[in-house]
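# Topology and contacts: notes
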Amino acid sequence: MLFRSNGQGGIPINYSNKHNWYLAPNFGFAWDVLGDGKTSLRGGFGVSYNRVFTGSDCTYGCISNPPFENNITLTNPQFPNPIGTGVASPPSAPGLSNLSFNNQASGIYSYSLTVEHQFGNWFVSVGGAGDLVRHMGVGLDINQPLPSGGYAYNPSINTGTFEYLYGPYPGYGGISTSTTGANGNWTGFVTSVRHQVGHGLFLTGAYTWAHGLSDIFSTSQFGTGGTQNSYNFKSYYGRSEERRVGKECRSRW
């Protein structure tokens, strides 16, 4: 068997050459609305990117693909010589892991707008912020049985052997494919009040409301999140896991 490393045999050194360039503009502004130094309007917008996760996902998943790794399951083994006394179970359908050549870095589009005003010894700030995340990592099972019988799913998933018999690739178990096709968003409202008491002391309070939604339950930017329906994972759009930021109110002396 001939093995070729990245950069040899037509394999690009960066795994894929489909997405090599990314545009990441950033800008912000601050405006003295009334010209008296007491009221300001601040805002900004920026685009940033996370690394492409090809290394972490395939390092732990793809190395288990046959023929690189074989597992033997023994029934009723006895020690200290389990191999000599145990009975090998029938081999199961192998599962596979792979990566899409169309993977790209996740883009985070962040924005904010804040109004600030000073009332004597009181300083009040009200604003909003948010971000849009594009090309999040999502793990798909391309051997999931196609919808059948007028349902949005295949009833064979309840038989226990559906991927072996009813999947697009018979004879295989789950075929996990890591790709970057999911999206997410986060929206937040922030307000704060600060009062100068005197003698080096001040009182401040803040309130934050935030809400996050995504196509996948997990929002990790360093790997892939799962989904129930690999053929329509956008139907899973809803409240995300790691963006569950609750309402917050605090004060500090």
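Structure shown above.
Residues numbered from 1 in each chain as written. Predicted model: local features only at pLDDT ≥ 70, side-chain atom pairs only at ≥ 80, totals over all residues. Heavy atoms only, no water.

Right, let's get into the pattern of salt bridges. Across all of its chains, the model carries two salt bridges by this definition. We note a salt bridge from Arg42 to Glu116, for which the minimum N-O separation is 2.9 Å. Of this pair, Arg42 sits in strand β2 (residues 39-49) while Glu116 sits in strand β6 (residues 107-119), placing them 74 residues apart in sequence. Judged by relative accessible area, which is 14%, Glu116 ranks as buried. Two residues, Lys234 and Asp215, come together in a salt bridge whose shortest N-O distance is 3.2 Å. With Lys234 in the loop between β9 (201-214) and β10 (238-239) and Asp215 in the loop between β9 and β10, this pair connects stretches of sequence that are 19 residues apart. (Salt bridge = Lys/Arg side-chain N within 4 Å of Asp/Glu carboxyl O. Helix = DSSP H or I, 4+ residues; strand = E, 2+ residues; numbered from the N terminus. Buried < 20%, exposed > 50% of the residue type's maximum accessible area, 1.4 Å probe, protein only.)

Under the counting rule described, the total for this entry stands at three aromatic pairs. On the numbers, 6.0 Å between centres and 45 degrees between planes, the contact of Phe27 with Phe45 is tilted. Of this pair, Phe27 sits in strand β1 (residues 26-32) while Phe45 is found in strand β2, placing the two residues 18 residues apart along the sequence. Consider the rings of Tyr151 and Tyr153, whose centres lie 5.4 Å apart with planes at 45 degrees: the pair is tilted. A relative accessible area of 38% places Tyr153 in the partly exposed class. Over the aromatic face of Phe202 sits the side chain of Arg194, whose NZ or CZ is 4.1 Å from the ring centroid. (Phe/Tyr/Trp six-rings, centres within 6.5 Å; stacked < 30°, edge-to-face > 60°. Lys NZ or Arg CZ within 6 Å of the ring centre and 35° of its normal.)

Moving on, we come to the environment of Ser112. With respect to the helices and strands, Ser112 occurs in strand β6. Under the relative-accessibility criterion, Ser112 is labelled partly exposed at 34%. In sequence terms Ser112 and Phe189 are 77 residues apart; their C-alpha atoms lie 9.7 Å from each other. Not counting chain neighbours up to four residues away, the residues in contact with Ser112 comprise Arg42, Gly43, Gly44, Gly128 and Ala129. (Contact = heavy atoms within 4.5 Å.)

Now for unusual backbone geometry. Of note in the backbone geometry, His135 takes a positive phi value of approximately 65 degrees without being a glycine. Considering the arrangement of structural elements, one finds His135 in strand β7 (residues 122-141).

Attention shifts here to a nonpolar patch on the surface. Residues Phe29, Trp31, Val33, Leu34 and Leu113 make up a contiguous nonpolar surface patch of roughly 490 Å² in combined accessible area. Within the fold, Leu34 resides in the loop between β1 and β2. Residue Leu34 is classed as exposed on the basis of its relative accessible area of 59%. (Patch = residues over 30% accessible without salt bridge, like charges linked within 9 Å, V, L, I, M, F, W, Y side chains within 5 Å. Areas by Shrake-Rupley, 256 points an atom, 1.4 Å probe, with all protein chains shown as cover.)

What follows is about the nonpolar core. Core analysis: the biggest nonpolar cluster contains eight residues, these being Ile108, Val133, Met136, Val138, Leu140, Ala182, Ile216 and Phe233. Sort the elements by how many residues they give to this core and β7 lands first, with four residues. (Core = buried A, V, L, I, M, F, W, Y, C linked by side-chain atoms within 4.5 Å.)

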